[in-house]
Amino acid sequence: MVAPAVLARRNSSSTASTGTVARSANPKSSTTFGSQRATYNGSGLHTAGIIHVLGAGLAGSEAAWQLSRAGLGCILHEMRPVRQTQAHRTAGFAELVCSNSLKSDSPNTASWLLKHELRRLGSLAMQAAETARVPGGHALTVDRAVFAATITAALEGAPGVEIRREEVLQIPEDGIVLVATGPLTSGALASAIARFTGSERLYFYDSISPIVDAASIDRSKVFAASRYGKSIDGGDDYLNCPLNREQYEAFVDAVLAAESAAPHIEDDAEIHAGRVPFFEACLPIEELARRGRETLRFGPMKPVGLVEPGSGRRAHAIVQLRQETQRADSYNLVGFQNHMTFPAQKRVLRLIPGLENAAFLRYGQMHRNTYINAPALLTPALQLISDPRVFFAGQISGVEGYVESIATGLMAGRFAAALALGEPLRPLPRATALGSLTHYLTHADAKHYQPANIAFDLLPALEEELKRKLRHDRPGRHAEVCRRAQAAMDEYLGESLGDPLAKSTGEAHAAPR
Ligand SMILES: Cc1cc2nc3c(=O)[nH]c(=O)nc-3n(C[C@H](O)[C@H](O)[C@H](O)COP(=O)(O)OP(=O)(O)OC[C@H]3O[C@@H](n4cnc5c(N)ncnc54)[C@H](O)[C@@H]3O)c2cc1C
């Protein structure tokens, strides 16, 4: 429950700028806001002052949680299981559709910094990740079923969160709206968003890499090693499949000749016209091969830093296999995302030495990734410039990655709560990872916008003199950026005294274990 002092403060001073919003501190109570009355009667929310959260994925779940923490009700609309996406398999909230990794949790990495800030702001997903944690080296890896179940249960029990299992077809006209329908937003809503924002629908194609059964790898042809011998625990972490020049050339020919799978969005004129926009950091191998016969050798097949033990030879090209499970019973082909047909993948990938009899547990696939042109459309508080009652969060807002989606969900939830309560919307400081993500979203080049993961590049650069001083000390530079980020967050939270979202660790809002 929200602390009584907070309720008293809000009840006396709030004037919601978009009208009233439903309150949830007491499910059976009705609460007065400004001049209007908003009620949550335990069975449904008053439509006059509703907050709609569209999508209960990573971003939408986090946003709904933040609204509940602020003592506000919301309607959380989720179309699954009534309608599935092409990637989700369950009806659980915050389902992780591909990898089970929330990336590095090593202090002073950019990804750690983002998670650290989320923890400080009471993120539900970060609590659930702790509950669902499985060993994963320096990464925060989770049991995806436990993760989704923890978040689903938390939201089902969260005060004021009304869950509706339905597909939303357009942006609701009433109340505050937080759009978090993800990269696989259903078609009707994606078109409605395009109309609503007055822009073209934006998308790129993203791909996932194949996984092979460990028992089907011919160990006599591969060798274990980490590139340049680098590994957190000093081990030979990868299996490496070496190719000589002839094998590499034959492989490139086969990739170039392979048939592509049909796009799963039938009416995508762009793909049929051969103008498919890919995510540059995650290009399918066919696209790399099309860009030049040597491109793969400078990309996922680069042989540098790997010497064959025994012979001491350097291969012309190398395919790396990374352990997928703790039991080491499957491996993924690193950087081998592709969208060849399944029979073509089986044929082409079996040309790789060591994989001649590979049994594929998952084939590479390509998926659509819908996002808006954030720099042209959003304020630093993730609101539409043209209609500030509408917020965007998650992948559709123009970020890339699980944790980045959670991060924008958390921020948009907080901003929406502030708007509903008639309080100032306070974007996170630029020096923080959260602030840097929104800075990128709103300041990147709108003409060539591409979603981004959190990285030190997005955070403010150090002064030239300090950079020079630390030029041979990368960890030192990163530590300094993180130190500054944390100091900025301290200051932000210090200024937030009285803000229950910043202070609260309320037991009622601890995720169930
Ligand atoms: C196939 C695939 C693989 C990916 N792999 C990774 C990975 O390994 N690591 C990584 O960091 N990131 C990955 N991503 C990118 C991204 O991090 C995830 O997509 C992440 O889930 C995005 O979070 P989100 O909250 O924006 O969207 P989602 O988690 O997808 O949530 C959106 C929710 O909205 C619902 N929805 C959609 N349309 C409607 C509608 N009209 N009405 C009601 N509900 C609707 C969906 O059912 C879904 O539950 C991947 C993306 C895809 C598509």
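Note that the structure is predicted; figures quoted are calculated from it, not measured.

**Student:** I keep staring at the overall build of the protein chain and nothing clicks. Help me out?
**Tutor:** Each helix and strand in the protein chain was counted, giving 16 helices and 18 strands. The buried share among the 513 residues of the protein chain stands at 46%. Taking contacts inside the protein chain between residues at least 6 apart in sequence as the whole, the part at least 24 apart equals 71%.

**Student:** Is there a simple way to think about the site of the ligand in this case?
**Tutor:** Residues in close proximity to the ligand total 35 residues, the closest being Gly55, Gly57, Cys98, Gly182 and Gly394. At the level of elements, α2 (58–69), β4 (74–78) and α12 (402–421) are the ones that each hand at least two residues to the shell around the ligand. Take the shell around the ligand: its biggest share by element is 3 residues, from α2. Taken together, the residues of the shell around the ligand sort by class into 16 nonpolar, 16 polar and 3 charged.

**Student:** In this structure, what is going on with the environment of Ser186? I would like to understand it.
**Tutor:** Tracing the backbone through its elements, the reader meets Ser186 in the loop between β9 (176–179) and α6 (187–197). Accessibility expressed as a C-beta count within 10 Å gives 19 for Ser186, which makes it partly exposed. Once the C-alpha coordinates of Ser186 and Met79 are considered, the two residues, 107 residues apart in sequence, prove to be 9.0 Å apart. Residues contacting Ser186, with those up to four places away along its chain left out, are Met79, Arg83 and Glu167.

**Student:** Where do I start with the sheet that holds β4 in this structure?
**Tutor:** Backbone hydrogen bonds hold the strands of a sheet together, and the pairing may be parallel or antiparallel. Pairing is parallel in the open sheet, where 5 strands are placed in the order β8-β4-β3-β9-β18. Where the open sheet ends on each side, the last strands, each with one partner, are β8 (161–165) and β18 (390–392). Within this sheet the neighbouring strands show an average axis-to-axis angle of 20°, counted without direction. The pairing of strand β3 (residues 51–54) with β4 spans 3 bridges and is parallel. Note on β4: the bridge partner recorded for His52 is Ile75. Contacting β3, β9 and β18, α12 crosses the sheet at an angle of about 175° to β9.

**Student:** Would you mind going over the nonpolar core with me for this structure?
**Tutor:** Most often, soluble globular proteins have nonpolar side chains that are buried together. Leu178 and Ala416 are the most contacted members of the largest nonpolar core, which totals 91 residues. For this core, the element with the most residues is α12, which contributes 13 residues. Residues within four places of Leu178 in sequence aside, it is in contact with Ile51, His52, Val53, Leu54, Ala63, Phe391, Ala393, Ala412, Gly413 and Ala416. Of all hydrophobic cores here, the second largest spans 36 residues; its members include Phe223, Ala258, Leu333 and Leu349.

**Student:** How should I be thinking about the sheet that holds strand β6 (residues 133–134) in this particular structure?
**Tutor:** On the basis of which strands lie adjacent, the open sheet formed by 3 strands has the order β5-β7-β6 and antiparallel pairing. What marks the edges here is a single partner per strand, and that holds for β5 (101–104) and β6.

**Student:** In this structure, what is going on with the packing of helix α4 (residues 124–132) against helix α5 (residues 144–156)? I would like to understand it.
**Tutor:** A packed helix pair is summarised by two numbers, namely the angle formed by the two axes and the spacing between the axes. Where α4 contacts α5, the axes come no closer than 8 Å and their chain directions differ by 135°. In terms of orientation, α4 lies oblique with respect to α5. In the packing of α4 onto α5, the handedness of the crossing is right-handed. Of the residues in α5, those touching α4 at Leu124, Ala125, Ala128, Ala129, Thr131 and Ala132 are Val146, Phe147, Thr150, Ile151 and Ala154. In terms of residue class, the contact of α4 with α5 is built from 9 nonpolar, 2 polar and no charged.

**Student:** Looking at this structure, I do not really get α4. What am I missing?
**Tutor:** One turn of an α-helix holds 3.6 residues; hence residues three or four places apart share an orientation. For α4, a buried count of 7 out of 9 residues is recorded, marking the element as mostly surrounded by other parts of the structure. Listing the buried residues of α4 in full gives Leu124, Ala125, Met126, Gln127, Ala128, Ala129 and Ala132.

**Student:** Looking at this structure, how should I read unusual backbone geometry?
**Tutor:** Across residues other than glycine, the phi torsion is negative in most instances, and most of the peptide bonds are trans. That bond from Arg80 to Pro81 is cis: its omega, 5°, falls within 30 degrees of zero. Of note, Tyr228 is a non-glycine position whose phi angle comes to about 55°, a positive value. Among the structural elements, Tyr228 can be located in the loop between β12 (223–225) and β13 (238–243). In this model, Leu382 sits at a positive phi of 65°, which is unusual for a non-glycine residue.

**Student:** Mind showing me how you'd approach the environment of Glu62 here?
**Tutor:** By the secondary structure assignment, Glu62 is in helix α2. Apart from the residues within four sequence positions on either side, Glu62 is in contact with Ser123, Leu124, Ala125, Ile406, Gly409, Leu410 and Gly413.

**Student:** So what exactly am I meant to see when it comes to the packing of α2 against α12 here?
**Tutor:** Contact geometry of α2 with α12 gives a least axis separation of 7 Å together with a crossing angle of 35°. Crossing of α2 over α12 shows right-handed handedness. Residues Leu58, Ala59, Gly60, Glu62, Ala63, Ala64, Trp65, Gln66 and Leu67 of α2 touch α12, and the partners they reach there are Tyr402, Ser405, Ile406, Thr408, Gly409, Leu410, Ala412, Gly413, Arg414, Ala416 and Ala417.

**Student:** How should helix α10 (residues 342–349) be read in this particular structure?
**Tutor:** Restricting attention to buried positions, one finds in α10 the residues Ala344, Gln345, Val348 and Leu349. All buried residues of α10 lie within an arc of 110° about the axis, which places them on one face of the element. Those residues of α10 that are buried lie in contact with α7 (245–257), β15 (330–333) and β16 (360–362).

**Student:** Help me understand the confidence of the model for the protein chain, please; the structure alone is not making it clear to me.
**Tutor:** Do not read the fine detail of predicted coordinates wherever pLDDT is low. In this model, the protein chain carries an average pLDDT of 83, and 80% of its residues clear a pLDDT of 70 or more. Contacts for the low-pLDDT stretch residues 1–48, under 50 throughout, to residues beyond four places or in other chains number 101 contacts. Low confidence marks residues 265–269, where pLDDT is under 50. Its contacts with residues over four positions away, or in another chain, come to 2 contacts.

**Student:** How should I be thinking about the environment of His367 in this particular structure?
**Tutor:** Secondary-structure assignment places His367 in strand β17 (residues 365–371). Linking His367 and Leu184, residues 183 residues apart in sequence, is a C-alpha distance of 8.3 Å.

What counts, and at which threshold
- Residues numbered from 1 in each chain as written.
- Predicted model: local features only at pLDDT ≥ 70, side-chain atom pairs only at ≥ 80, totals over all residues.
- Helix = DSSP H or I, 4+ residues; strand = E, 2+ residues; numbered from the N terminus.
- Buried ≥ 20, exposed ≤ 12 C-beta atoms within 10 Å, placed from the backbone.
- Contact = placed C-beta atoms within 7 Å.
- Near = placed C-beta within 6 Å.
- Nonpolar A, V, L, I, M, F, W, Y, C, P; charged D, E, K, R; others polar.
- Pairing = 2+ DSSP bridges.
- Axes fitted to C-alpha atoms, helices over the stretch in contact; angles between N-to-C directions.
- Core = buried A, V, L, I, M, F, W, Y, C linked by C-beta atoms within 7 Å.
- Parallel < 35°, antiparallel > 145°, perpendicular 65-115°, else oblique.
- Left-handed = near helix turned anticlockwise from the far one by under 90°.
- Arc of directions from axis to C-beta.
- pLDDT = per-residue confidence, 0-100.

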